[in-house]
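So you can see what is in the structure, the chains are spelled out below.
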Amino acid sequence: MSQSKSKSRALSPEELAAFGAELDALQQQAIAAVGERDARYIRRIIRVQQYLEFAGRGLLFAGIFPPAWLLGTLLLGISKILENMEIGHNVMHGQYDFMNDPALSGASYEWDTVGTSDNWRESHNYKHHTYTNIKGVDDDVGYGLLRLFPEQRWHPAFILQPLFAALLALLFQWGVAIQELQLGKLLNGRKSWAQIRREFRPVWRKSRRLLLKDYLFFPLLAGPFFLTVLSGNLVANLIRNLWTFTIIFCGHFTTDAEVFHRSVLDGESRGHWYLRQLRGSSNLRGGKWFHILSGNLSHQIEHHLFPTVPAHRYQGLSLDVQEICRRYGQHYNTGSLPRQFGQVVWRILRHSMPSAPAPRAALIAR
Amino acid sequence: MTSPFLSSAEGLIARKPVLGGLVAALMTEGQYDFWSRELGSTAAWRRVFARVVAAQWEAADTLTLTLRPNRNLGQVSAGQHLTVSADIAGRRHCRSYSLSRLASGRDICLTVRREPGGLVSNFLHDHVQVGDVLELSQPYGDLATGLVSDATRPLLMLAAGSGITAIYNLLASMAASGRSLQGELLYWEKQPDRFCFTEELNRLQAEHAGLRVSRFCNATEGREDAERGRLDAALAARLAGAYPAASIVACGGGAFVTAARELLGGVGKEFRAEAFTPSFATIDDETDEQFYELVLRRSGKTLRVSSRQSLLEQIEDAGLSPEHGCRMGICNSCSCQQRGGESVNELSGAALRGQGAVRLCVSRANSDLELDL
């Protein structure tokens, strides 16, 4: 029996099957209940987001007056956060496909950030959600840039990673935009410049449009107040970058989040997949608006277990999930934002230095 | 994959390059459509929204809605259909309806009969009011192609039930274009209070000496101006004798259209038919039920499907919601790429082996299948 640092116990194959079946049943129950309430919810969120953006951009036109600039920037930042997380991210997971509204179709929604939705659907919806926290398969384990787990190989360049992490936080949407290009592959020759150029084209088209919108066209509309609008837009984008970075890092890189070896995929069962989702994710406690502004990714565990269930239902589902976790001796990783963020910062700092992995926690008891 | 939602004209940008370009630089399509609706307009980037401007009773349980579409609706022509989308309990449901009355300007009329248990028809009857906005697809269907231009040939038109909407639209448009109508309209209804467009059809008959309107109703309580009788061999022989060179158009339920095709398919110069319910439900009884494996490549699912039921229904039963429209093989909304295997189109009887476009609503599996869905 190896020593493991996991707070969860290994499940026997029978327990694992029963665990999977319970979560499957919970998911089916949730999906069967989806309907009018969820449609009303997302339509209301979209309305709030559109009015916030209108008010924010409107106030910025009066941004020469400092309180108007501050409020306008804040409202625009919040509207960008809502569009990014509660609308864009969740719609692209197909959570609102049941509505059959072409504007809310997961396969075609284009969100208002510089990353293309098509790349996101590939790197996030497919790779990250299928191969969650598997080193070398899920690119979200450090984004090819950071060493967050001792299982990742150390290199002297990681000494600078607190700096990389801070830059990534400030420029997060750009990090997401180029993630799928996997520029690291250029260094080891697994990708050619021609390939990168080809893959960069759609990213460039998308980001150019958004750059022009925030930093040229809207400022131009303001005439003499060009700079106040431009600076407000810049800060609103920064607010969103910092917020999304924080929420997303707190969802996967807290102290108890586990990383897995490729070998877990060999004949992985449904229950095993659920277990990996659970152990690789962590939640954040907070109030109603905190959950909404995080796109309900404050319930990262429920999101990973049930990515196609409308996210506003996660809070309700979390009670059932916690109860199941208790019965199966699984740690339900949750905490306040400051606590979880502190753990993320510690991981970034700690693993910039050489660190040795603890023995791997077994998922299945032998 | 073509969709009636997305195949519309370029919309605003194409017509107003300067303004459209500016709007496109500042907002997305979703935002443009949101604010337009928020401000009470039906304008949209490229989707077709239409305001209900009038509603009138046509007959028992049959309502005609006059709709004022935004500028994104393309050219409509006689005999075509549109898909109407309605939000019912949070979900958007689509059904096809034929153009019926001629409306003024760019307005269009759709005539909707309440179907027992019909989700959309009941919603349109019970909940839609003048002033409401519905989404429409682009028009589709080519029932009239060639008919309107060839004015010399007599017309033999057969309508059963709601099939009258498309047929009436064809006749009314031809009359409006100044053509003198020659031939006969045979129109069946199950109940006497269900006959539509009575005054209008009587007026057409009075104005066009060459046109005869024959109504049929087999209910015990009949109707004075209606005969009894079904579309049978005797009636077909009478029609074949009277109109040897006619263009024949039949419109009605699947069984009616199948009967019309059998009896009159070889008669006259051309035969066109459109069924508003698919007719393969009856064909299925003759084939042994087989089960095959259906692989959906994009969703990564594998389903066990029966050879007796349409692919669309079975995929929906599995909890997916592929795009669809008319559910009878005409609008092409549900068309998707087949990657391998063999499917059969029940309308044409044609088998598709290997790669090609398959219309899910009227196709069934004939072997293990792989779809790009």
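Whatever comes next refers back to the structure up there.
Residues numbered from 1 in each chain as written. Chains lettered and ligands numbered in written order. Predicted model: local features only at pLDDT ≥ 70, side-chain atom pairs only at ≥ 80, totals over all residues. Heavy atoms only, no water.

Student: Please give an account of the overall build of chain B that cites residues and values.
Tutor: Across its full length, chain B carries 10 helices and 18 strands. Rg of the C-alpha trace for chain B: 22 Å, near the compact-globule value of 21 Å for 373 residues, within the 12% margin. Taken along its principal axes, the extent of the C-alpha atoms in chain B is 60 × 55 × 40 Å. When the accessible surface of chain B is totalled, it reaches about 16500 Å², and 49% of it is carbon and sulfur. Distance between charge centroids for chain B: 4 Å, based on 39 positive and 43 negative side chains. (Helix = DSSP H or I, 4+ residues; strand = E, 2+ residues; numbered from the N terminus. Rg over C-alpha atoms; globule rule 2.2 N^0.38 Å. Areas by Shrake-Rupley, 256 points an atom, 1.4 Å probe, with all protein chains shown as cover. Lys, Arg positive; Asp, Glu negative; His and termini not counted. Charge placed at Lys NZ, Arg CZ, Asp CG, Glu CD.)

Student: Can you explain a nonpolar patch on the surface? Please cite residues and give values.
Tutor: A surface patch of nonpolar side chains, about 520 Å² in accessible area, is lined by Leu160(A), Leu163(A), Leu167(A), Leu170(A), Leu171(A) and Leu242(A). A relative accessible area of 44% places Leu167(A) in the partly exposed class. (Patch = residues over 30% accessible without salt bridge, like charges linked within 9 Å, V, L, I, M, F, W, Y side chains within 5 Å. Salt bridge = Lys/Arg side-chain N within 4 Å of Asp/Glu carboxyl O. Buried < 20%, exposed > 50% of the residue type's maximum accessible area, 1.4 Å probe, protein only.)

Student: Go over the sheet that holds strand 12 (residues 270-275) of chain B with me, naming the residues and quoting the values.
Tutor: Residues and elements named next belong to chain B. Spatial ordering of the open sheet is given by 10-9-8-7-11-12, a layout of six strands whose pairing is parallel. Edge positions in the sheet fall to strand 10 (226-227) and strand 12, since each of these pairs with one other strand and no more. Where strand 8 (residues 183-189) meets strand 9 (residues 211-217), seven bridges bridge the pair, whose relative direction is parallel. Bridged to Tyr187 within strand 9 is Arg215. (Pairing = 2+ DSSP bridges.)

Student: Residues and numbers for helix 7 (residues 233-242) of chain B, please.
Tutor: Residue and element names in this part refer to chain B. Within helix 7 the residues assigned to the buried category are Leu235, Ala236 and Leu239. Taken around the axis of helix 7, the buried residues stretch over an arc of 100°, which confines them to a single face. Structural note: helix 7 exposes Ala233, Ala234, Ala237 and Gly241 on the side pointing more than 90 degrees away from its buried face. Residues of helix 7 that are buried make contact with strand 7 (155-160), strand 8, strand 9 and helix 8 (254-264). (Arc of directions from axis to C-beta. Contact = heavy atoms within 4.5 Å.)

Student: Which residues make up the packing of aromatic side chains, and what are the values?
Tutor: Counted under the stated rule, the structure contains 23 aromatic pairs over all chains. Aromatic side chains Phe19(A) and Tyr328(A) sit 5.3 Å apart centroid to centroid with 65° between the ring planes, which places their arrangement in the edge-to-face category. A residue pair is termed long-range when its members are at least 10 positions apart, and Phe19(A) in helix 1 (residues 13-33) and Tyr328(A) in the loop between helix 13 (314-327) and strand 2 (334-335) qualify at 309 residues. Relative accessible area serves as the criterion here: at 1%, Phe19(A) is assigned to the buried category. By relative accessible area, Tyr328(A) is classed as buried at 8%. Relative to Tyr131(A), the ring of Tyr126(A) lies with its centre 6.0 Å away and its plane at 80°, an arrangement referred to as edge-to-face. Classification of Tyr126(A) by relative accessible area gives partly exposed; the value is 39%. Taken together, Tyr143(A), Phe149(A), Phe172(A), Phe245(A), Phe249(A) and Phe253(A) form an aromatic cluster joined through their ring pairs. It is Arg57(A) that lies over the ring of Phe218(A); its NZ or CZ is 4.2 Å from the centre. Across the ring face of Phe291(B), the terminal group of Arg304(B) is positioned such that the distance to the ring centre comes to 4.2 Å. (Phe/Tyr/Trp six-rings, centres within 6.5 Å; stacked < 30°, edge-to-face > 60°. Lys NZ or Arg CZ within 6 Å of the ring centre and 35° of its normal.)

Student: Go over the side chain of Ser214(B) with me, naming the residues and quoting the values.
Tutor: Residue and element names in this part refer to chain B. With respect to the element layout, Ser214 can be found in strand 9. Residue Ser214 is classed as buried on the basis of its relative accessible area, which comes to 2%. A polar side-chain atom of Ser214 sits 2.8 Å from a polar atom in the side chain of Glu184. Excluding residues within four positions of it along the chain, Ser214 makes contact with Glu184, Leu185, Leu186, Tyr187 and Glu227. (Polar contact = N/O pair within 3.5 Å; in protein donor to acceptor, adjacent residues only side chain to side chain.)

Student: I'd like a rundown of the layout of surface pockets, residues and numbers included.
Tutor: Residue and element names in this part refer to chain A. Its boundaries defined by the atoms lining it, the second largest pocket holds a volume of some 1600 Å³. Taken together, 39 residues line the second largest pocket, and the ones lying closest to its centre are Asp139, Tyr143, Gly144, Leu145 and Gly184. Every element with two or more residues in the lining of the second largest pocket is listed here: helix 5 (161-170), helix 6 (172-179) and helix 7 (184-187). It is helix 6 that provides the largest number of residues to the lining of the second largest pocket, a total of six residues. Of the residues that constitute the lining of the second largest pocket, the class distribution is 19 nonpolar, 11 polar and nine charged. (1 Å grid on protein atoms, 1.4 Å probe; cavity = no way out; pocket = protein on both sides within 12 Å on 5 of 7 lines; lining within 4 Å. Points joined across faces, edges and corners; volume = space filled by probe spheres on them. Nonpolar A, V, L, I, M, F, W, Y, C, P; charged D, E, K, R; others polar.)

Student: Can you lay out helix 5 of chain A for me, pointing to particular residues and giving the numbers?
Tutor: Residue and element names in this part refer to chain A. Of all the positions in helix 5, only Gln161, Ala165, Leu168 and Ala169 are classed as buried. Down the axis of helix 5, the sector holding all buried residues measures 100°, keeping them to one side. In this structure, the buried residues of helix 5 make contact with helix 6, helix 9 (226-252) and helix 14 (337-350).

Student: Kindly report on the pattern of salt bridges, identifying the contributing residues and their values.
Tutor: Residue and element names in this part refer to chain A. The final tally for this structure, using the stated rule, is 40 salt bridges over all chains. The closest approach of N and O atoms between Asp256 and Lys7, which form a salt bridge, is 3.0 Å. Separated by 249 residues along the polypeptide, Asp256 in the loop between helix 9 and helix 10 (270-280) and Lys7 in the segment before helix 1 bring together distant segments of the chain. The class of Asp256 is buried, set by a relative accessible area of 19%. On the basis of relative accessible area, Lys7 is assigned to the exposed category, the value being 53%. Of the charged contacts in the structure, one is a salt bridge between Arg327 and Glu22, with a shortest N-O distance of 2.7 Å. Residue Arg327 is located in helix 13, and its partner Glu22 is located in helix 1; the two are separated by 305 residues in the primary sequence.

Student: Let's hear about the interface of chain A and chain B: which residues, and what values?
Tutor: The interface of chain A with chain B comprises 23 residues on the first partner and 16 residues on the second. For the chain A and chain B pair, buried surface summed over both sides reaches about 1800 Å², with 54% attributable to carbon and sulfur atoms. The largest contributions to the chain A side of the interface with chain B come from Gln50(A), Asn100(A) and Pro102(A), which together make up 27% of the buried area. One can count three salt bridges joining chain A with chain B. The salt bridge partner of Asp101(A) is Arg47(B), with a shortest N-O separation of 3.1 Å. Put simply, chain A and chain B have 10 residue pairs in polar contact (both at pLDDT 80 or more) between them. Of all the secondary structure elements, the ones that give two or more residues to the side of chain A that touches chain B are helix 2 (36-61) and helix 8 (193-221) of chain A. Looking at the side of chain A that touches chain B, the element that brings in the most residues is helix 2 of chain A, giving nine residues. Taken together, the residues of the side of chain A that touches chain B sort by class into 12 nonpolar, three polar and eight charged. (Buried area = accessible area lost by both parts, 1.4 Å probe.)

Student: Describe in detail the pairing of strand 2 (residues 62-69) of chain B, supporting the description with residues and values.
Tutor: Both faces of the sheet carry side chains from a regular strand, because those side chains alternate between them. All names here are of chain B. The element strand 2 is extensively covered by neighbouring structure, given that seven of its eight residues are classed as buried. The pairing of strand 1 (residues 48-59) with strand 2 spans eight bridges and is classified as antiparallel. Along strand 2, the bridge assignment pairs Trp57 with Leu63. With six bridges joining them, strand 2 and strand 5 (residues 108-113) adopt antiparallel strand pairing. The residue bridging Thr66 from the neighbouring strand is Cys109, located in strand 5.

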